[in-house]
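Observations on chain architecture
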Amino acid sequence: MRTLVLGGIRSGKSQWAEEAIATSLPPGEAVRYLASGLSGHTDPDWAQRVDRHRSRRPAHWSTVETKDIATELRRSPGTPTLIDDLGGWLNCTMDSQQARENGSVAAAVQDMVDAVGAFGSTLVLVSPEVGLTVVPATASGRRFADELGILNQRVAAVCDRVVLVVAGQALSLKPSGK
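Residues numbered from 1 in each chain as written. Predicted model: local features only at pLDDT ≥ 70, side-chain atom pairs only at ≥ 80, totals over all residues. Heavy atoms only, no water.

**Overview of unusual backbone geometry**
Backbone torsion omega between D84 and D85 reads 0°, so that peptide bond is classified as cis. Assignment of secondary structure puts D85 in the loop between strand 4 (81-84) and helix 4 (86-96). Unlike most non-glycine residues, R10 shows phi in positive territory, near 60°. Checked against the element boundaries, R10 lands in the loop between strand 1 (2-7) and helix 1 (13-24). Relative accessible area serves as the criterion here: at 55%, R10 is assigned to the exposed category. A positive phi angle, near 55°, is found at A167, a position not held by glycine. Following the sequence through the fold, A167 ends up in the loop between strand 6 (161-166) and strand 7 (169-174). (Helix = DSSP H or I, 4+ residues; strand = E, 2+ residues; numbered from the N terminus. Buried < 20%, exposed > 50% of the residue type's maximum accessible area, 1.4 Å probe, protein only.)

Structure, rendered in structure tokens:
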């Protein structure tokens, strides 16, 4: 079962995703948590956000901080996995591909979609939903929003289930098995 969890900033999407994967597995089963955000930031607010996320995770879950999510998915396709989040991954990918100006992330997005589609265990992916925040005032910000919208649509197409979390409440957009 592959589930994409969408939502705006502070919507509760990460917490909902953590609870969803935990309750879908037998008690005590290990989960691999792929964190795409950088924890080494010097921004105190960012550090607090990362700490809040870490404190919610059970001790038996493993955490891998990575910019290469597709490779990690292929490395252990039978391990239940939670990815938080695709927006952080896209941001890093756009930077590495110089895609904010004129580069392309098309190959990386295709690689991600292929890895998600081929994954052989429970997979929950968290991503910010485009359009639930302010329209970016810069060309690079709008490019990011456009690319995130494309990424979310492509990942949703290969997922079995898609939910939108608003105010901590989940709305099923693509029910399981549809």
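**Notes on the sheet that holds strand 6**
Across the sheet, seven strands lie side by side as 3-2-4-5-1-6-7; this open sheet has mixed pairing. Single-partner strands in this sheet number two, and they are strand 3 (62-65) and strand 7. Adjacent strand axes in the sheet meet at a mean angle of 20°, parallel and antiparallel pairs treated alike. Across five bridges, strand 1 lies against strand 6 in parallel orientation. Bridge assignment links L4 to a residue of strand 6, and that residue is V162. (Pairing = 2+ DSSP bridges. Axes fitted to C-alpha atoms, helices over the stretch in contact; angles between N-to-C directions.)

**Quick look at the pattern of salt bridges**
Applying the stated criterion to the full structure yields five salt bridges. With its nearest N and O atoms 2.5 Å apart, the salt bridge here joins E72 to R75. Pair noted here: E72 and R75 are both in helix 3 (residues 69-75), with a separation of three residues, about one helical turn. What makes R75 exposed here is its relative accessible area of 54%. Residue D111 is joined to R74 by a salt bridge in which the shortest nitrogen-to-oxygen separation is 2.8 Å. Of this pair, D111 sits in helix 5 (residues 106-118) while R74 sits in helix 3, placing them 37 residues apart in sequence. Given a relative accessible area of 29%, D111 falls into the partly exposed group. (Salt bridge = Lys/Arg side-chain N within 4 Å of Asp/Glu carboxyl O.)

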